[in-house]
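Observations on chain architecture
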Amino acid sequence: MPSPHDRIDTTTAHSARVYDYILGGKDHYLVDVEAGDAMCRHWPALPVHMRENRRFMHRAGRYLAQERGIRQFLDIGTGLPTAPNLHEVAQEAAAHAHVVYVDNDPIVLAHARALLQSSPEGATAYVDADMHDPDAILDSPQFRELIDLGRPVGLMIIGILHFILPPDDRRLVRRLLDPLPSGSYLAMTIGTADFAPEEVGRVSQEYAEQGMPMALRDLPTASSFFDGMDLVEPGVVQVHRWRPGPEQSGIDDRAIAMYGAVARKL
């Protein structure tokens, strides 16, 4: 079987590696650096935006584990292993929490062993799959072994939906949510150009030119993904405004191009 490294295309920028570069990581290539630098020239606030998307994941995961008693998570599009990861956040609240990570980036697969350092009481697993193929996720041995569909699940779709284009977007989110029992939660971030349309539009164009087209959604469209669910306060807001901590003070709305929300499945 070929190693994950054999699948890595170092001639084309990859969204997860660009994310890693802009956040100050080390798991990227020159093509990702060039793409990331071009995007930051278009919108210098991009690093702030990306950090706040990650911090939303931390706060949402901590909220679900600490305040809602969620003990098992499905994390779609986990990205590169930029610590802390979801299992570290969840297992800090409940050492026996289970987390199944899903990504189709071979660099993440190459790092999976380090990523899977669970607490002794808990468990983590990694599924090498794409959100466009939800059946491969739900039918995977890892999902079936670690996720008990008789108990609520925290479904995390963070920083990926803007790469899922209509009309597939709603179908794929629903396909992942449908098997989960009542009392499960969806935590999701959704890219938008509502607050810095010119700058974010140029970044979107740069992504498209790099072979990564994206869909940016306004507030009504972003909110509609949670129809039929019970939104947790404060509802659908920019990620830095969702249950903010001290780190979020002073952040300019124009620096954030992502809505975020957490909602309970009825």
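Structure: above.
Read on for an overview of the structure. (Residues numbered from 1 in each chain as written. Predicted model: local features only at pLDDT ≥ 70, side-chain atom pairs only at ≥ 80, totals over all residues. Heavy atoms only, no water.)

Observations concerning unusual backbone geometry
Going by this rule: Here a strand is any run of E in DSSP of at least two residues, a helix any run of H or I of at least four, and the numbering for each starts at the N terminus. Only protein chains enter the accessibility calculation, which uses a 1.4 Å probe; a residue is then buried when its area is under 20% of its type maximum, exposed when over 50%, and partly exposed in between.
Between Pro 166 and Pro 167 the backbone carries a cis peptide bond, its omega angle lying at 5 degrees. Summarising the element assignment, Pro 167 is placed in the loop between β4 (154-157) and α9 (168-177). Look at the link from Glu 233 to Pro 234: it is a cis peptide, with omega at 15 degrees. Looking at the secondary structure, you find Pro 234 in the loop between β6 (229-231) and β7 (237-238). Positive phi is not limited to glycine here, since Arg 243 has a value of about 45 degrees. Mapping Arg 243 onto the fold places it in the loop between β7 and β8 (258-265). Assessed through its relative accessible area of 33%, Arg 243 is described here as partly exposed.

Considerations on helix α3 (residues 46-66)
Threshold: Between the first and last residue of a helix there are one fewer steps than residues, each counted as 1.5 Å, and that sum is the expected span.
Between its first and last C-alpha, α3 extends 30 Å over 21 residues, near the 30 Å set by a 1.5 Å rise per residue. For α3, the buried fraction is high: 16 of the 21 residues fall into the buried class.

Quick word on the pairing of β8
Spelled out, the test is: Here, a strand pair is defined by DSSP locating no fewer than two bridges between the strands.
With seven of eight residues buried, β8 lies mostly within the body of the structure. Note: strand β5 (residues 185-191) against β8, seven bridges, orientation antiparallel. By the bridge assignment, Thr 189 is partnered in β8 with Gly 260. Two strands pair when backbone bridges link them, and β6 and β8 are joined in this way by three bridges, in the antiparallel orientation. Across the sheet, residue Met 229 finds its bridge partner in β8, namely Lys 265. The pairing of β7 with β8 spans two bridges and is classified as antiparallel. The residue of β8 that forms the bridge with Val 237 is Gly 260.

Section: helix α10 (residues 197-209)
We apply this condition: The arc in question is the one traced by the directions running from the helix axis out to the C-beta atoms. Only heavy atoms enter the contact rule, under which two residues are in contact if any of them lie within 4.5 Å.
For α10, built from 13 residues, the straight-helix expectation of 18 Å at 1.5 Å per residue is met to within 8% by its first-to-last C-alpha distance of 18 Å. Of all the residues in α10, the buried ones are Val 200, Val 203, Ser 204, Glu 206 and Tyr 207. Considered in projection along α10, the buried side chains sweep an arc of 160 degrees and stay on one side of the axis. Within α10, the exposed residues directed more than 90 degrees away from the buried face are Pro 197, Glu 198 and Glu 209. In this structure, the buried side of α10 is in contact with α1 (15-22), α2 (30-42) and α3. Gly 211 sits one or two positions beyond α10 and adopts a positive phi of about 85 degrees.

Quick look at the packing of α1 against α2
Filter applied, for reference: Every axis in this analysis is a line fitted to C-alpha atoms, fitted for helices over the stretch in contact. Angles between the N-to-C directions lie between 0 and 180 degrees. Throughout, the term roughly parallel applies to angles under 35 degrees, roughly antiparallel to angles over 145, roughly perpendicular to angles from 65 to 115, and oblique to all others. When the near helix sits turned anticlockwise from the far one by under a right angle, the crossing is termed left-handed; a clockwise turn instead gives a right-handed crossing. For this classification, Asp, Glu, Lys and Arg are treated as charged, while Ala, Val, Leu, Ile, Met, Phe, Trp, Tyr, Cys and Pro are nonpolar and the rest, including Gly, are polar.
Two elements in contact, α1 and α2, have axes separated by 9 Å at closest approach and are oriented at 70 degrees. When the axis of α1 is compared with that of α2, the two are roughly perpendicular. Like other packed secondary-structure pairs, α1 and α2 cross with a definite hand, here right-handed. From α1, Arg 17, Val 18, Tyr 21 and Ile 22 reach across to α2, where they touch Val 31, Asp 32, Val 33, Ala 35, Gly 36, Asp 37, Met 39 and Cys 40. Per-class residue counts for the contact of α1 with α2 are eight nonpolar, one polar and three charged.

Quick notes on the pairing of β4
Going by this rule: When the strands point away from the viewer and the connection leading from the first strand across the helix to the second strand turns clockwise, the crossover is called right-handed.
Both faces of β4 are covered, namely the face carrying Gly 154 and Met 156 and the face carrying Leu 155 and Ile 157. Examined bridge by bridge, strand β1 (residues 72-76) and β4 share four bridges and lie parallel to one another. Paired with Leu 74 across the bridge in β4 is Leu 155. Strand direction decides the pairing type here: β4 and β5, joined by four bridges, are parallel. Along β5, the bridge assignment pairs Met 156 with Ala 187. Each parallel crossover has a hand, and for β4 linked through α9 to β5 it is right-handed.

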